[in-house]
Amino acid sequence: MQIIKVGIIGCGNISSIYIENLSNMFKGVKLVACADIDLSRAQAKAEQLNDDGKVKYPDLKAMTVDELLADPEIQIVVNLTIPVAHHEVAKKAILAGKCCYNEKPLCLSRDQAQELVKLADENKVLVGGAPDTFMGAGIQTCAKIINDGWIGKPISATAFMCCPGHESWHPAPEFYYLPGGGPMFDMGPYYLTALVNLLGPVAKVAGLTARAKEERVCTSELRKGDVMPVDVQTHVTGLMQFASGATGTIITSFDVWKHTLPCIEIHGTQGSLSVPDPNCFGGPVKLCVQRSDFKEMPLSHSYADNSRGLGVADMARALRDGDAFRANGQLASHVLELMHAFHDSSDSGQFVNIQSVCDQPKPMPSGMYVL
Ligand SMILES: NC(=O)c1ccc[n+]([C@@H]2O[C@H](COP(=O)([O-])OP(=O)(O)OC[C@H]3O[C@@H](n4cnc5c(N)ncnc54)[C@H](O)[C@@H]3O)[C@@H](O)[C@H]2O)c1
């Protein structure tokens, strides 16, 4: 099998799990390089040692962003920079002839997303990105349950992601409160991508938004007392009409201390499905048929553990086989349009028709499956 070589740009908080998984978890990809605007961050990642004093990732070389983009061996760039830099870095990667897998959101604006998809087509490379959690065992099991008819025709969905924000733990939380951040652009991609994967694309939305505070104070050990301006709405409520006719409700919030709401539920003519946290890869998946109690279902698919990078491995498979890949640019652009549309609807007081469409991603093969 041709092993596809991968380079990471952006060596911050989330890069650790990508480096670990893209080095060890998948047979079709090999992580060979990492870069950052701050080279010392890339060097620190590449020079990590095991407990026995040996280099942890011997195949990983630190380089500048320009060196990584000029390396002819690297076919996929994994863009783990902050949201405001996603478009610029992805565009450079595509123009350098590389496929590009972006962390979420794909980029900031709908125009930028369209440009990236068009440029990728013109340059015959692939573009897309996170989340890839919908390809994990939990949500794939839910898709199988729905496709096998257990809950009948899906009628409605609810999705809730509420928390007090990220300033209690993230070492550089500013980007969560700048354009491209906020609870919808930060966490909405997990919930909306899962819903589109389970119910298909959305045709129309409405939204209402709020902002509890104009500034936030960091409470983490590292940043205690630092004050950050809040430039985004931090509570976003959305209504969705799926093209299938099903309806959905979503709330994403950084203005909730605690709650008891479920992550995602799907209700159909014959039963109800409790979908696991779409920010994770595994279960529990719970099903009830008509008036029965909810029962936990066995997971039917592989990748139940933290498998971040699964979407990169699927992109590599598609590249090798000349096939479609699941976490693709159309899907990520559709989700980006939905997130903007909730805010636009809140501003205008009107429903917003969604212009983009995307296919429901092909289910992952069930049972033991290694990418
Ligand atoms: N932290 C998490 O738990 C988490 C989880 C899932 C997804 N994400 C997403 O991953 C991305 C990165 O998040 P993070 O928490 O790792 O952020 P971070 O701030 O910790 O790291 C970002 C890194 O990108 C580098 N960078 C910024 N602009 C750059 C540019 N133009 N060129 C090269 N390098 C550049 C920074 O120097 C930094 O090292 C974001 O899009 C975020 O939404 C984060």
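Each value, and the rule that gives it
Each chain carries its own residue numbering, running from 1 in the direction its sequence is written. Since the coordinates come from a predicted model, pLDDT governs what is reported: local features require at least 70, and pairs of side-chain atoms require 80 or more to be given and counted, while whole-chain, interface and lining totals use all residues. Note on conventions: DSSP H or I runs of at least 4 residues are helices, E runs of at least 2 residues are strands, and numbering of each starts at the N terminus. Only C-alpha atoms enter the radius of gyration, while the globule expectation follows 2.2 Å times N to the 0.38, with N the number of residues. Between the buried cut of 20 or more and the exposed cut of 12 or fewer other C-beta atoms within 10 Å of a residue's own C-beta lies the partly exposed class, and all C-beta atoms are placed from the backbone. Residues are scored as being in contact if the C-beta atoms we place from backbone atoms lie within 7 Å. At least two bridges found by DSSP between two strands are what make those strands a pair. Helix axes use the C-alpha atoms of the stretch in contact, all axes being lines fitted to C-alpha atoms, and the angles between their N-to-C directions lie in the range 0 to 180 degrees. Reported orientations rely on four angle classes, namely roughly parallel under 35 degrees, roughly antiparallel over 145, roughly perpendicular from 65 to 115, and oblique for the rest. Amino acids are sorted into nonpolar (Ala, Val, Leu, Ile, Met, Phe, Trp, Tyr, Cys and Pro), charged (Asp, Glu, Lys and Arg) and polar (every other residue, Gly among them). Using a C-beta atom placed from the backbone, a residue is described as near a molecule or strand when that atom lies within 6 Å of it. Among buried residues, those of type Ala, Val, Leu, Ile, Met, Phe, Trp, Tyr and Cys that are joined through C-beta atoms within 7 Å form a set called a nonpolar core. Delimitation of the domains relies on an automatic or database domain assignment. Under the convention used throughout, the expected extent of a helix is 1.5 Å for every residue step, that is, one less than its residue count.

### A look at the overall build of the protein
(1) Moving on: Along the protein, the regular secondary structure elements total nine helices and 17 strands.
(2) Moving on: Computed over its C-alpha atoms, the radius of gyration of the protein comes to 20 Å, within 12% of the 21 Å expected for a compact globule of 371 residues.
(3) Moving on: If one aligns the C-alpha atoms of the protein with their principal axes, the spans along those axes are about 55 × 50 × 45 Å.
(4) Moving on: Each of the 371 residues in the protein was classed as buried or not, and the buried ones make up 49%.
(5) Moving on: Restricting to contacts in the protein with at least 6 residues of sequence separation, those with at least 24 account for 72%.

### Focus on helix H6 (residues 137-147)
Quick reminder: α-helices carry 3.6 residues per turn. Residues three or four places apart thus point the same way.
(1) Moving on: In terms of burial, H6 is largely enclosed, as nine of its 11 residues are buried.
(2) Moving on: Of all the positions in H6, only Ala137, Gly138, Ile139, Gln140, Thr141, Cys142, Ala143, Ile145 and Ile146 are classed as buried.
(3) Moving on: For H6, the secondary structure elements touched by its buried residues are strand E7 (154-162), helix H7 (182-199), strand E13 (264-268), strand E14 (271-275), strand E15 (285-289) and strand E16 (295-297).
(4) Moving on: Remark: glycine 149 follows H6 within two positions and exhibits a positive phi of approximately 90°.

### Brief notes about the sheet that holds strand E2 (residues 29-35)
(1) Moving on: Spatially, E3-E2-E1-E4-E5-E6 is the arrangement adopted by the six strands of the open sheet, whose pairing is parallel. The open sheet has two edge strands with one neighbour each: strand E3 (61-63) and strand E6 (127-129). Across the sheet, the mean angle separating the axes of adjacent strands is 25° when strand polarity is ignored.
(2) Moving on: Sheet analysis places strand E4 (residues 76-79) next to strand E5 (residues 99-102), joined by four bridges and oriented parallel. Among the inter-strand pairings, valine 77 is bridged to a residue of E5, identified as cysteine 100.

### Here we look at the packing of helix H4 (residues 83-95) against helix H5 (residues 110-122)
(1) Moving on: Closest axis-to-axis distance for the H4/H5 pair is 10 Å, and the angle between their directions is 10°. Considered as vectors, H4 and H5 are oriented roughly parallel to each other. Along the contact surface, H4 presents His87, Ala90, Lys91 and Ile94, while H5 presents Gln112, Leu116, Leu119 and Ala120.
(2) Moving on: Of the residues in the contact of H4 with H5, the class split is five nonpolar, two polar and one charged.

### Overview of the site of the ligand
(1) Moving on: Taken together, 22 residues are adjacent to the ligand, and Gly10, Gly12, Asn13, Ile14 and Glu103 come closest.
(2) Moving on: Examining the composition of the shell around the ligand, we find that three residues originate from one element, H4, more than from any other.
(3) Moving on: Classifying every residue of the shell around the ligand gives 11 nonpolar, five polar and six charged.

### Comments concerning the nonpolar core
(1) Moving on: In terms of nonpolar packing, the biggest core is built from 103 residues, with Val6, Cys34, Ile76, Val127, Tyr191, Leu195 and Val312 touching the most fellow members.
(2) Moving on: Here this core gets 11 residues from one element, more than from any other, and that element is H7.
(3) Moving on: Here this core spans two domains, and each of domain 1 (4-131 + 308-327) and domain 2 (133-301 + 335-353) adds at least three residues to it.
(4) Moving on: Not counting residues up to four positions away in its chain, the partners in contact with isoleucine 76 are Ile4, Val6, Lys98, Cys99, Tyr101, Val312, Met315 and Ala316.

### Looking at the domain arrangement of the protein
It is common to report an interface's size as the accessible area lost on association of the parts.
(1) Moving on: Each assigned domain of the protein is listed here: domain 1 (4-131 + 308-327) and domain 2 (133-301 + 335-353).
(2) Moving on: Centre-to-centre, using C-alpha coordinates, domain 1 lies 25 Å away from domain 2.
(3) Moving on: The partner domain 2 presents 19 residues to the 16 residues of domain 1 that form the contact.
(4) Moving on: Broken down by secondary-structure element, the contributors of at least two residues to the side of domain 1 that touches domain 2 are H4, H5 and helix H8 (310-321).
(5) Moving on: The biggest single contributor to the side of domain 1 that touches domain 2 is H8, with three residues.

### Focus on the environment of valine 256
(1) Moving on: Along the chain, valine 256 falls in the loop between strand E12 (247-253) and E13.
(2) Moving on: Valine 256 sits in the partly exposed class, given 19 other C-beta atoms within 10 Å.
(3) Moving on: Valine 256 sits 21 residues away from histidine 235 along the chain, and the two C-alpha atoms are 8.6 Å apart.
(4) Moving on: Excluding anything up to four places from it in sequence, valine 256 contacts Cys162, Cys163 and Pro164.

### As for H8
(1) Moving on: Taking 1.5 Å of rise per residue, 12 residues should cover 16 Å, and H8 covers 16 Å from first to last C-alpha, within 8% of that figure.
(2) Moving on: Listed as buried for H8 are Leu310, Gly311, Val312, Ala313, Asp314, Met315 and Ala316.
(3) Moving on: Residues of H8 that are buried sit in contact with strand E1 (4-9), helix H1 (15-24), E2, E4, E5 and E6.
(4) Moving on: Positive backbone phi, at 65°, marks glycine 322, one or two positions downstream of H8.

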